[in-house]
Amino acid sequence: SAPYVATLNTTVATPAIGPTVPPGLLTISTVDLTTVDTDMWVYDANFNAIADFGNDDAQPTGSGIRQSQLTRSFAPGTYYLA
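Residues numbered from 1 in each chain as written. Predicted model: local features only at pLDDT ≥ 70, side-chain atom pairs only at ≥ 80, totals over all residues. Heavy atoms only, no water.

(A) The overall build of the protein chain, seen in detail. If you tally the helices and strands in the protein chain, you get zero helices and five strands. The order of α-helices and β-strands along the protein chain, N terminus first, is β-β-β-β-β. Since a compact globule built from 82 residues should have a radius of gyration of about 12 Å, the 16 Å found for the protein chain marks it as more spread out than a globular shape. Oriented by its inertia axes, the alpha-carbon framework of the protein chain measures out at about 55 × 35 × 20 Å. The buried share of the protein chain, taken over its 82 residues, is 17%. In the protein chain, once contacts between residues fewer than 6 apart in sequence are set aside, the share between residues at least 24 apart is 58%. (Helix = DSSP H or I, 4+ residues; strand = E, 2+ residues; numbered from the N terminus. Rg over C-alpha atoms; globule rule 2.2 N^0.38 Å. Buried < 20%, exposed > 50% of the residue type's maximum accessible area, 1.4 Å probe, protein only. Contact = heavy atoms within 4.5 Å.)

(B) Up close: unusual backbone geometry. Phi angles above zero are rare outside glycine, and Phe47 is one such case at about 65°. The residue Phe47 is located in the loop between β2 (39-43) and β3 (49-56) in this model. Positive phi is not limited to glycine here, since Asp52 has a value of about 65°. Secondary-structure assignment places Asp52 in strand β3.

(C) Layout of the nonpolar core. Grouped together as the largest cluster of nonpolar side chains are six residues: Ile28, Met40, Val42, Phe53, Leu70 and Phe74. Every element with two or more residues in this core is listed here: β2 and β4 (69-74). Among all residues touching Ile28, those that are not within four sequence positions of it are Met40, Val42, Ser68, Gln69, Leu70, Phe74 and Leu81. (Core = buried A, V, L, I, M, F, W, Y, C linked by side-chain atoms within 4.5 Å.)

(D) Just the packing of aromatic side chains, in detail. Inspection of the entire model under this criterion finds three aromatic pairs. Between Phe53 and Phe74, the ring centres sit 5.2 Å apart and the planes meet at 80°, which makes this aromatic pair edge-to-face. One end of the pair, Phe53, is in strand β3; the other, Phe74, is in strand β4, and 21 residues separate them in sequence. In this structure, Phe53 and Phe74 share a single accessibility class: buried. (Phe/Tyr/Trp six-rings, centres within 6.5 Å; stacked < 30°, edge-to-face > 60°.)

(E) Seen up close, the pairing of β4. Only one face of β4 is covered, namely the one carrying Leu70, Arg72 and Phe74; the face carrying Gln69, Thr71 and Ser73 has none of its residues buried. Alignment of strand β1 (residues 24-29) against β4, held across six bridges, turns out to be antiparallel. When the bridges of β4 are listed, Gly24 appears paired with Phe74. (Pairing = 2+ DSSP bridges.)

The following block contains the structure:
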């Protein structure tokens, strides 16, 4: 068999500035906005992933919904969504 080969390609992404929203409970969703399978994660101002601030395939589990949705409480600050 042939030896295993892996190639890493990178692309620099420039963050887009989104809306300013008040702190508190916020829902971010792609449900019913696309037919494409989506996955999202929220990062802090230092681009660190925030634990449990991500979603791939909205609930209920097994529903067949391939879009993402999350509702979380946000403190004042800068966040990035990928």
